[in-house]
Amino acid sequence: MKRRQAIFLLGLATVSGGLAIACSNQTPNTANVGGGTNSQELTIYSGRSKKLIDPLIQQFQQKTGIKTQIRYASTAELAATIQEEGKNSPADVFFAQDAGALGAIQKAGLATKLPDKFLNQVEPRFHSPDGMWVGISGRVRTLDYNTKLVKPTDLPNTVVGLTEAKWKGKVGWAPSNGSFQAFVTALRVSVGEAKAKQWLEAMKANDTKVYENNVQILEALSKGEVTVGLVNHYYLEELKKENPQVPVAHHFLNDVGSMVNVAGVAILNTSKHREAADKLVEFLLTPEAQKYFAEETYEYPLADGVKPATNVKSLAEIKTPKLDLSNLDDLKGTLKLLEQTGVL
């Protein structure tokens, strides 16, 4: 196993309750927005990057007068840290890159129920059924394709279709990428372990081409190295901004192949500043904040009434299986399956 994969596995194993990582002794990468300390200072653990979040937090502080202390790290590492710290965690809010980590915190009993006024702003599929976390922005898995090499009518409707002989050597994927692994976790939850294994083995046997990440897949698609590729939707939106003529388009599947994952927030049961934490969640769901995510990352805004920044298919039109995103927390099991099938 490659070193990076081993580190990733270690972090995720701890998220799902398997291992303990002594993260509490690490020096936090913090940004004190506004400086100073008072009763309204909010501690945020953010799996989203400082570059993305900091401008938004500045706006939050200016609007509310609430100061923030932010610890940045990977979502898996922070989820592990919260579990390690337990009741002694200083964190008020966990801002995670994916729903699986939020589900892990929920299952560990470390999140508190959010007010219905927040939950009701997004579709039920984008918040915890128990109200323990809420999605802030969304990303869709797509089967992007080279428009010069294949007609839309010849594309499959499900990921199973990619195992047919006509797609041999024509598909690109990135098994070491976190977004692909989240998709495989969703596949396991949706169709079961045995069928997920069967699909991975069939894809490997069909000479699916391996790339490091979604960007490399898009580059391969634009050059015609592969005909179709499994990616997140916003990478093509970013590429089109630089090159509007790129011969690549989205195709949305009718199964878990076009699952919608979310970045979202949970308020921890260790929070000593619940009122301020509620105000942060409220702010992140405002049209102003939702528009920020749509324009900065091309993610889907999840709150009612806010449109995507580009002309992508609406979330209402995307068919996805009924899936509790909280159950995407077993990434350790996904990595084990990817290794068993030789995909990793």
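Given the structure is predicted, the values throughout are model-derived calculations rather than measurements.

Student: Help me understand the overall build of the protein chain in this model?
Tutor: Scanning the protein chain from N- to C-terminus turns up 12 helices and 11 strands. Buried residues in the protein chain amount to 55% of all 344 residues. Considering only residue pairs separated by 6 or more positions, the protein chain has 77% of its internal contacts joining residues 24 or more positions apart.

Student: What is the right way to read the nonpolar core from this model?
Tutor: A general tendency of soluble globular proteins is for nonpolar side chains to be buried together. Leu42, Phe94, Trp199, Leu200 and Leu284 are the most contacted members of the largest nonpolar core, which totals 89 residues. Counting contributing residues per domain, this core is built from domain 1 (41-138 + 261-312) and domain 2 (139-259 + 334-341), each supplying no fewer than three. Residues Tyr211, Tyr234, Tyr235 and Val248 belong to the second largest nonpolar core, which totals 14 residues.

Student: Would you mind showing me how to read the confidence of the model for the protein chain here?
Tutor: If pLDDT is low for a region, its predicted coordinates should not be looked at in detail. Taken residue by residue, the protein chain gives an average pLDDT of 89. The fraction at 70 or more is 89%. Per-residue pLDDT stays below 50 along residues 1-38; that stretch engages in 73 contacts with residues further than four places along the chain or on separate chains.

Student: Teacher, can you tell me more about the environment of glutamate 41 here?
Tutor: Examined against the element boundaries, glutamate 41 turns out to sit in the loop between β1 (29-33) and β2 (42-46). Sequence separation between glutamate 41 and threonine 68 is 27 residues; the distance between their C-alpha atoms is 5.2 Å.

Student: Quick question: what am I supposed to make of the packing of aromatic side chains here?
Tutor: To describe a pair of aromatic rings, you give the distance between the ring centres and the angle between the ring planes. Counted under the stated rule, the structure contains eight aromatic pairs. Measuring from centroid to centroid gives 5.3 Å for tryptophan 173 and phenylalanine 180, while their planes differ by 70 degrees, and the two rings are edge-to-face. On the basis of relative accessible area, tryptophan 173 is assigned to the buried category, the value being 2%. Taking relative accessible area as the criterion, phenylalanine 180 reaches 1% and is therefore assigned buried. For the ring pair tyrosine 292 and phenylalanine 293, a centre distance of 5.8 Å and an interplane angle of 75 degrees mean the geometry is edge-to-face. The residues tyrosine 292 and phenylalanine 293 share a single accessibility class, namely buried. Taken together through their ring pairs, the aromatic side chains of Trp173, Phe180, Phe183 and Trp199 make up a single cluster. In this structure, arginine 71 packs its charged tip against the face of tyrosine 45, placed 5.6 Å from the ring centre.

Student: Is there a simple way to think about unusual backbone geometry in this case?
Tutor: Trans peptide bonds make up most of the peptide bonds, and negative phi angles are found at most residues other than glycine. The residue aspartate 207 is not glycine, and still its phi comes out positive at about 60 degrees. Relative to the helices and strands, aspartate 207 resides in the loop between α7 (193-205) and β7 (209-210). Taking the relative accessible area as the measure of exposure, aspartate 207 reaches 42% and is therefore partly exposed. Although it is not a glycine, tyrosine 298 sits at a positive phi angle of roughly 65 degrees.

Student: Would you mind going over the pairing of strand β5 (residues 134-146) with me for this structure?
Tutor: Regular strands show a simple pattern: their side chains alternate between the two faces of the sheet. Taking burial as the measure, the 13 residues of β5 include 13 buried ones, the bulk of the element. Where β5 and strand β10 (residues 260-267) come together, six bridges link them in antiparallel fashion. Within β10, the position partnered with valine 140 by the bridge is valine 260. Where β5 meets strand β8 (residues 228-232), five bridges bridge the pair, whose relative direction is antiparallel. Residue pairing across strands places tyrosine 145 opposite valine 228, the latter belonging to β8. Alignment of β5 against strand β9 (residues 248-249), held across two bridges, turns out to be antiparallel. Residue pairing in the sheet places tyrosine 145 in a bridge with alanine 249 of β9.

Student: It is not clear to me how the pairing of β8 should be interpreted in this structure. Could you clarify?
Tutor: With five of its five residues buried, β8 lies for the most part within the structure. Along β8, one buried face is formed by Val228, Leu230 and Asn232 and the opposite face, lined by Gly229 and Val231, is buried too. For strand β6 (residues 171-173) and β8, the ladder comprises two bridges, and the chain directions are parallel. The partner of valine 171 across the bridge, within β8, is valine 228.

Student: Is there a simple way to explain the UniProt feature "binding site: Fe cation" (unreviewed entry) in the protein chain in this structure?
Tutor: In the numbering adopted here, UniProt assigns the feature "binding site: Fe cation" (unreviewed entry) to Tyr234 and Tyr235. For tyrosine 234, a relative accessible area of 11% puts it in the buried group. Topologically, tyrosine 235 is positioned in helix α9 (residues 234-242).

Student: Where do I start with the pattern of salt bridges in this structure?
Tutor: Side chains carrying opposite charge are able to pair once their charged atoms draw close together. All chains considered together, the criterion is met by 12 salt bridges. When the shortest N-O distance is used, the salt bridge between lysine 63 and glutamate 288 registers 3.6 Å. Taken together, the positions of lysine 63 in helix α2 (residues 50-64) and glutamate 288 in helix α11 (residues 287-297) put the pair 225 residues apart, joining distant regions of the chain. Under the relative-accessibility criterion, lysine 63 is labelled exposed at 56%. Among the residues examined, glutamate 288 registers a relative accessible area of 36% and is labelled partly exposed. Aspartate 116 is paired through a salt bridge with lysine 113; the nearest N and O atoms lie 3.1 Å apart. Taking the relative accessible area as the measure of exposure, lysine 113 reaches 44% and is therefore partly exposed.

How each quantity is defined
Residues numbered from 1 in each chain as written. Predicted model: local features only at pLDDT ≥ 70, side-chain atom pairs only at ≥ 80, totals over all residues. Heavy atoms only, no water. Helix = DSSP H or I, 4+ residues; strand = E, 2+ residues; numbered from the N terminus. Buried < 20%, exposed > 50% of the residue type's maximum accessible area, 1.4 Å probe, protein only. Contact = heavy atoms within 4.5 Å. Core = buried A, V, L, I, M, F, W, Y, C linked by side-chain atoms within 4.5 Å. Domains from an automatic or database assignment. pLDDT = per-residue confidence, 0-100. Phe/Tyr/Trp six-rings, centres within 6.5 Å; stacked < 30°, edge-to-face > 60°. Lys NZ or Arg CZ within 6 Å of the ring centre and 35° of its normal. Pairing = 2+ DSSP bridges. UniProt positions renumbered as here; feature names shortened; annotations may be inferred. Salt bridge = Lys/Arg side-chain N within 4 Å of Asp/Glu carboxyl O.

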